[in-house]
Amino acid sequence: LAMCRFMVHGLSAVSESSLWLNEKLISASVDLEDPDRLNPQLFGTLVQMVVRGEGEDDTGILPKPPGTNKWWKVRPEMVPTPQMKEQSESSPACLSSYRGILRIASTGGDQKEVGMSLFTNVLNQIIYAEMHNWKPWIHFEISSQSVLYDRWAHGFSNVSLFNVNTDYSILMDQELGIPGQPTKQESNGFDSSVMSTLELRGNGVWNAYFEPIDDFDPQDKSCPSSREIVQLPAHLVMAITSKAPWAIRAWRYDDVPEKLWQPSVGSSLKDWYGPIRSKAHSLVRKYFRFRPHILRRANEVNPVQPGEVCLSIHARNGERKGNFRKRVGSKSFFPYIEEFIKAGGSIIFIATDSSRVLQYMYKNFPTNITDMIRTQGDQVVRTSKEWPLHMIDNHHRVNSEALVDVLAMSKCHFLLHSFSSLAEASIYLNLDLHENSVNLEDPDRVAPPEFGKAVRGVIGSIVEQKAAVEQVQIKMDGQIVRKKLDEATILQRDVGRESRRNALVYLAQKKHSSYSGRDSYSILLRSLDMAQRNYLSLNNHVDSLDIFIFHTSDFTEEDLEILERRMGPSVSGVIRLVDLSGSSFWQRPPHHANDDPNSWYAYPLFSEGYRRMMHWFAIDIWEFFSRWNEQEQNSYRYIFRLDEDSFIHSPIQYDVFDFMEKNKYVYGYRMCTYEMQVTRRMWTLYHKRNPDFAPYREVDLEMCAFYNNFFVADL
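I will try to describe carefully the structure that is included in this document. (Residues numbered from 1 in each chain as written. Predicted model: local features only at pLDDT ≥ 70, side-chain atom pairs only at ≥ 80, totals over all residues. Heavy atoms only, no water.)

Considering the layout of surface pockets
Move 1: When its volume is computed, the second largest pocket comes out at roughly 600 Å³.
Move 2: Around the second largest pocket, the lining is made up of 24 residues, and of these L32, R37, S355, Q359 and D378 lie nearest the centre.
Move 3: Elements that contribute at least two residues to the lining of the second largest pocket include exactly α2 (40–51) and α10 (355–364).
Move 4: Per element, the largest residue contribution to the lining of the second largest pocket is 4 residues, and it comes from α10.
Move 5: When the residues that make up the lining of the second largest pocket are grouped by side-chain class, the tally is 11 nonpolar, 8 polar and 5 charged. (1 Å grid on protein atoms, 1.4 Å probe; cavity = no way out; pocket = protein on both sides within 12 Å on 5 of 7 lines; lining within 4 Å. Points joined across faces, edges and corners; volume = space filled by probe spheres on them. Helix = DSSP H or I, 4+ residues; strand = E, 2+ residues; numbered from the N terminus. Nonpolar A, V, L, I, M, F, W, Y, C, P; charged D, E, K, R; others polar.)

Next up, the structure:
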């Protein structure tokens, strides 16, 4: 490897050794597990420059990775550390009724999970402190936090403090094997855990991510020098987490006795989790306050707006130690995601430590799902193997990104997860997720259809809350009326709203007639959501149009109500569901009435439904609106076509129909396309059947035509 001029590699001792042997490779290599690596285009530029002899003189002109938004970089001096206080009055911490201070100095040893270190084990020590009337205070010992600690971010400055009482020891509960009440008595049954001189280094790690949990400051000169301070060593912290009946646990660790992980007869694992999560939630609300840069980043990566329904997914695929949990494959999430989308969900936030999880989803999940996915982005520390993330990049960055994932997940209404302390932490922040989460390792978990039902229930309540806030109710008292044109049935709500001059039109179905397995209904809902967000809701555009959803026996009154509730009060009376089945607008042409479809060209590749769709937009839709205007004395002038998989991705502030009229345009289109070869065959057949027909032009395969799956047209 070292004999080459360029190298592409992953994390490996072999590749690192090659870099040491050939120094030039350092600037001409790409580590595919480096989140800040060169992209392929920049790497190509680098190769070109090196081949031309540029950059050989170490002038630094070779391409470098694009600058990453290093939002996590908060210098140690920007983080609160214990400061000398000169005030003479006693601080609240000194005047409190606590017996002393329990310093939380350990997260239980070299825990490789941020959630375990910063949530589970910290919460258990806070519970221990409150049980024994000791005030909790967090300042981690650097020596015991090698996985969390980062010298650059957490500092290393020494602070020598006053002496503390040495006559306090921690009495062990011999039966349970956990620490009991700190006491002044001494005996052989005691595990000594007291300090004579307290020495603090840096900011204590905690303060890089959270505000201090209380007002205690060991440097406060007004505190008496006899203030008692005790701490639990790492092995006692883990003893609490594993063996204390009252401890908070994210899953069954290997050393947890079966009697402490056994739901009572008739109750589920979720029922068993309920009191644990409720207790953790109350403590997190009391003690945990994220620092502003963590909060800001979580809002940037998952900005959930009012009315949007969000699903978070925690897909942990890296190192998973323990006999009582397993790796959950990415495809296991799919049935639940599918139900979420069908029910009307709009956002999917994925938190994962694995690049392979996202690669699998983007490769194998349909676009109506992948279009909804949010993550922290590509420049995030993830692994393609089972290595712990702290082995890949600096610990502070890994800590920060993990906490952002926790916060971003907690902003959602639903959660899919496996056994994980990070997933549990998001539930501690948002207790509603206890009821609205599915643990894919829980044998009694709800099935996907039940999950979809729960999503629909939440969406219904959100719609109702939104209407109450706006003090605008959907006019559900308006009668749903049916009208007929030919044999077509038009279903709409009569709220006294007059028909407009413009129509947004869809031809839709719930299951696609040509593409097997395609969930057309959920894709349509996605299209309507984006149309609502990026056009209808802006500048009162919804008031200038009606929405026509044409179909063939797919949609009912119930669907009309679902759509109205989903899109909000502004669309009441706007939507028309038009069933074309049995009407002259959805018939075979007379000369094909008795055909065997198997005799048709390219059948079933182009199904009968597909051919009728083409006939509809080429001929029948114009006839429909002409006759509908005449029968109902309407004045529809312009139609705006969207397909079920047409998505408006960015805001349209101007009125599309006014734009057409003011500029005297008769047809607006998205793109042109070359004529297809099949067109020449169709043209030949048409000439044979209609020899006297004189076309405006012959078909030229080099000519462009309108690609009409999106258009705005003057009727």
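A look at the pattern of salt bridges
Move 1: Under the counting rule described, the total for this entry stands at 22 salt bridges.
Move 2: For E557, the salt bridge identified is with R482, shortest N-O distance 2.8 Å. Placement of the pair is E557 in helix α17 (residues 557–567) and R482 in strand β16 (residues 479–485), with a sequence separation of 75 residues.
Move 3: Among the residues examined, E557 registers a relative accessible area of 31% and is labelled partly exposed.
Move 4: Judged by its relative accessible area of 54%, R482 is exposed.
Move 5: In this structure, R612 and E608 form a salt bridge, with 2.9 Å as the shortest nitrogen-oxygen distance. With R612 and E608 both in helix α18 (residues 608–632) and 4 residues apart, the pair spans about one turn of that helix.
Move 6: According to the relative accessible area criterion, R612 is partly exposed, its value standing at 22%.
Move 7: On the accessibility criterion, E608 (19% relative accessible area) is buried.
Move 8: Here the salt bridges do not stand alone but share partners, grouping R493, E561 and E564 into one network. (Salt bridge = Lys/Arg side-chain N within 4 Å of Asp/Glu carboxyl O. Buried < 20%, exposed > 50% of the residue type's maximum accessible area, 1.4 Å probe, protein only.)

Details of the side chain of H417
Move 1: You can see H417 is positioned in strand β14 (residues 414–417).
Move 2: You can call H417 buried: its relative accessible area is 1%.
Move 3: If near-sequence neighbours (up to four positions away) are discounted, H417 is found in contact with R277, H314, F333, A423, E424, I427, S437, V438, N439 and L440. (Contact = heavy atoms within 4.5 Å.)

Focus on the side chain of S354
Move 1: Here S354 lies in the loop between β12 (347–352) and α10.
Move 2: Within polar-contact distance, the side chain of S354 engages the backbone nitrogen of R356 at 3.1 Å.
Move 3: Leave out the neighbours within four places in its chain, and S354 touches N317, R382 and T383. (Polar contact = N/O pair within 3.5 Å; in protein donor to acceptor, adjacent residues only side chain to side chain.)

So, the nonpolar core
Move 1: L118, F119, W206, F210, F288 and L403 are the most contacted members of the largest nonpolar core, which totals 78 residues.
Move 2: Of all the elements, helix α4 (residues 114–131) adds the most residues to this core, at 10 residues.
Move 3: In contact with F288, not counting residues within four places along its chain, are L118, F119, V122, L123, I126, W206, F210 and L283. (Core = buried A, V, L, I, M, F, W, Y, C linked by side-chain atoms within 4.5 Å.)

Overview of the packing of helix α16 (residues 520–536) against α17
Move 1: Between α16 and α17, the shortest axis-to-axis distance is 11 Å and the interhelical angle comes to 35°. Along this stretch, α16 crosses α17, giving a crossing that reads as right-handed. Residues Y521, L525, L528, D529, Q532 and L536 of α16 form the contact with α17, whose own contacting residues are D559, I562, L563, R566 and M567.
Move 2: When the residues that make up the contact of α16 with α17 are grouped by side-chain class, the tally is 7 nonpolar, 1 polar and 3 charged. (Axes fitted to C-alpha atoms, helices over the stretch in contact; angles between N-to-C directions. Left-handed = near helix turned anticlockwise from the far one by under 90°.)

Topic: the state of the cysteines
By definition, a disulfide links two cysteine residues through a covalent bond between their sulfur atoms.
Move 1: This structure, assessed with the given rule, holds 1 disulfide.
Move 2: Through a disulfide, C310 is tied to C412; the S-S separation comes to 1.9 Å. Within this pair, whereas C310 is found in strand β11 (residues 310–315), its partner C412 is found in the loop between α12 (395–410) and β14, the two being separated by 102 residues in sequence. Taken as a pair, C310 and C412 share a single burial class, namely buried. (Disulfide = S-S within 2.5 Å.)

Examining the sheet that holds β11
Move 1: One open sheet holds the 5 strands; their spatial order is β13-β12-β11-β14-β15, and the pairing between them is parallel. Two strands bound the open sheet, and with one partner strand each, they are β13 (373–374) and β15 (437–439).
Move 2: Its contacts with the sheet place α10 against β11, β12 and β13, and it is angled at close to 145° to β12. (Pairing = 2+ DSSP bridges.)

Structural notes on the packing of aromatic side chains
Move 1: The final tally for this structure, using the stated rule, is 43 aromatic pairs.
Move 2: Stacked on the ring of Y273, the Lys or Arg R277 has its end atom at 4.2 Å from the ring centre.
Move 3: Sitting over the ring of F617, R641 keeps its end group 3.5 Å from the ring centre. (Phe/Tyr/Trp six-rings, centres within 6.5 Å; stacked < 30°, edge-to-face > 60°. Lys NZ or Arg CZ within 6 Å of the ring centre and 35° of its normal.)

Focus on a nonpolar patch on the surface
Move 1: A surface patch of nonpolar side chains, about 320 Å² in accessible area, is lined by Y654, F659 and Y665.
Move 2: One can find F659 in helix α19 (residues 656–662). (Patch = residues over 30% accessible without salt bridge, like charges linked within 9 Å, V, L, I, M, F, W, Y side chains within 5 Å. Areas by Shrake-Rupley, 256 points an atom, 1.4 Å probe, with all protein chains shown as cover.)

Section: the packing of helix α7 (residues 269–287) against helix α13 (residues 421–429)
Move 1: Packing of α7 against α13 brings their axes to within 8 Å, and their N-to-C directions diverge by 65°. Judged by the angle between their axes, α7 and α13 are roughly perpendicular. Where α7 crosses over α13, the handedness of that crossing is right-handed. Residue-level contacts link Y273, R277, A280, H281 and V284 of α7 to E424, I427, Y428 and L429 of α13.
Move 2: Here the contact of α7 with α13 is composed, by residue class, of 6 nonpolar, 1 polar and 2 charged. (Parallel < 35°, antiparallel > 145°, perpendicular 65-115°, else oblique.)

So, unusual backbone geometry
Move 1: Phi at N540 is positive, roughly 60°, even though this residue is not glycine.
Move 2: Relative to the elements of secondary structure, N540 occurs in the loop between α16 and β19 (545–551).
Move 3: The backbone phi angle of S553 is positive, close to 65°, even though this residue is not glycine.
Move 4: Structurally, the position occupied by S553 is in the loop between β19 and α17.

Looking at the pairing of β19
Move 1: Counting buried positions along β19 yields 7 of 7 residues, so the element is predominantly enclosed.
Move 2: Burial along β19 is two-sided: the residues L545, I547, I549 and H551 and D546, F548 and F550 are all buried.
Move 3: The pairing of strand β18 (residues 502–507) with β19 spans 6 bridges and is classified as parallel. Looking across to β19, one finds that L504 is bridged to I547.
Move 4: Of the strand pairs in this sheet, β19 and strand β20 (residues 575–579) are connected by 5 bridges, and their pairing is parallel. Opposite I549, over in β20, you have L577 as the bridge partner.
Move 5: Traced from β19 through α17 to β20, the parallel crossover comes out right-handed. (Right-handed = clockwise from strand over helix to strand, strands pointing away.)

Describing the pairing of β12
Move 1: With 6 of 6 residues buried, β12 is to be regarded as a mostly interior element.
Move 2: The side-chain alternation of β12 yields two buried faces, one formed by I347, F349 and A351 and the other by I348, I350 and T352.
Move 3: With 6 bridges joining them, β11 and β12 adopt parallel strand pairing. Across the sheet, residue H314 finds its bridge partner in β12, namely A351.
Move 4: Bridge analysis of β12 against β13 gives 2 bridges, and the strand direction is parallel. Pairing of I348 across the sheet is with I373, part of β13.

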